[in-house]
Amino acid sequence: MGISLVAKAQLGKTNLMAARIGCGLIRIGRNWGIDEPGKTALPDKSMVHHFLRGAVESGVNFFDTAPAYGKSEQLLGGFIKEHSDLSREMIIATKCGESSREDGTTVKDYSPIAIRRSVDNSLHLLGGHIHLLQIHSINLRLLDNEELLRTLEDIKKQGDIDYLGVTCTTPPEAVEKALTMGIFSTIQVPYNCLNPEMGSVISLAGEKKVGVIVNRPLATGLLSSKNEFVSDPTQLEGIRKIKEQIGEQDLTEYAWRFIFNNPSVSVVLTGTRDIDNLKENLRSITKK
Ligand SMILES: NC(=O)c1ccc[n+]([C@@H]2O[C@H](COP(=O)([O-])OP(=O)(O)OC[C@H]3O[C@@H](n4cnc5c(N)ncnc54)[C@H](OP(=O)(O)O)[C@@H]3O)[C@@H](O)[C@H]2O)c1
């Protein structure tokens, strides 16, 4: 693939210069993805700081968190405050509209009062500045919600948020609409060789110079060596079909190549919380 991490590129039309691989930080704050049986404990503060330091030192500068990711914002914010030498280099993206509850579940609330409360809390936790604020999991109805859009634009005018974006997991129509609205600088969508449906909307975003952030690059772990812990027949069948298509090629390397073959992809969020796995992913991605 030969992707360079040192050469950072402009994220859409923003003035943010991002490495093409970023870190998605759901797994530092809450269980997600595939874990080896018996190894499901969340990392503590020192493990998270070790991971984030290693990520920044490896050239990663884009970090994606959310109020819906348990303690993720709190842990990332603790790192930002304690490591001002490194955090100067970091682009911080978070979200609003969905938040975590004490019992580990999440709740959606896109009302102006909830959005303002959420953004104030994120700013407090993350050191007072957010480069990118994304509406978490948009749909067509939310994009018609004028009160929500006005609230976000007002919040941005206050100056602590640089850019607005959206994330979307549902079929591409909502993202297509978001691309026509002129409000959002980025979209964040799932995209991998098992779930390629967002490919055309990603290309459309590229034409419009909207930044494209890809999540679930390894299909929440199914395209990594962790798939040995999967027993769901539908998931196993998906992996079998890809393996049949790619023959002798390494599954994970193929998965990375698949994403980076789309020239409109700006940043890919690897969801690992393990520094060795992050380095392995970087090796796969930067391999010629
Ligand atoms: N709606 C939304 O806004 C939305 C939805 C989904 C995701 N996201 C964002 O996107 C990020 C990435 O998504 P994802 O977590 O699904 O990403 P992913 O990278 O597809 O999957 C992460 C899983 O893969 C494993 N993994 C990664 N690299 C590995 C390696 N080299 N060897 C073995 N296992 C490996 C991880 O385990 P280890 O940690 O043990 O390496 C984890 O179980 C999230 O953290 C979040 O920030 C956003």
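Conventions used here
- Residues numbered from 1 in each chain as written.
- Predicted model: local features only at pLDDT ≥ 70, side-chain atom pairs only at ≥ 80, totals over all residues.
- Near = placed C-beta within 6 Å.
- Helix = DSSP H or I, 4+ residues; strand = E, 2+ residues; numbered from the N terminus.
- Nonpolar A, V, L, I, M, F, W, Y, C, P; charged D, E, K, R; others polar.
- Buried ≥ 20, exposed ≤ 12 C-beta atoms within 10 Å, placed from the backbone.
- Arc of directions from axis to C-beta.
- Contact = placed C-beta atoms within 7 Å.
- Pairing = 2+ DSSP bridges.

Participant: Account for the site of the ligand, naming residues and giving values.
Facilitator: What surrounds the ligand is a group of 32 residues, the closest being Gly24, Gly33, Asn215, Gly221 and Gly271. Mapped by element, the contributors of at least two residues to the shell around the ligand are helix 1 (26-29), strand 12 (267-270) and helix 12 (275-286). No other element matches helix 12, which puts three residues into the shell around the ligand. Here the shell around the ligand is built from residues that sort into eight nonpolar, 17 polar and seven charged.

Participant: Tell me about helix 11 (residues 251-260), and please be specific about residues and values.
Facilitator: Every buried residue of helix 11 is accounted for by Ala255, Trp256 and Ile259. Along helix 11, the residues classed as buried sweep out an arc of 95° about the axis, all on the same side. If you follow the buried residues of helix 11, they end up packed against strand 11 (211-215), strand 12 and helix 12.

Participant: Can you tell me about the pairing of strand 3 (residues 21-24), naming the residues and giving the values?
Facilitator: Regular strands show a simple pattern: their side chains alternate between the two faces of the sheet. Because side chains alternate across strand 3, one face comprises the buried residues Ile21 and Cys23, and the other comprises Gly22 and Gly24, equally buried. Bridge count for strand 3 against strand 12 is three bridges, and the pairing is parallel. Bridged to Gly22 within strand 12 is Leu269. Of the pairings in the sheet, the one linking strand 3 to strand 4 (residues 62-64) comprises two bridges and is parallel in character. Counted as the bridge partner of Gly24 is Asp64 from strand 4.

Any functional reading would require information beyond the geometric quantities listed.
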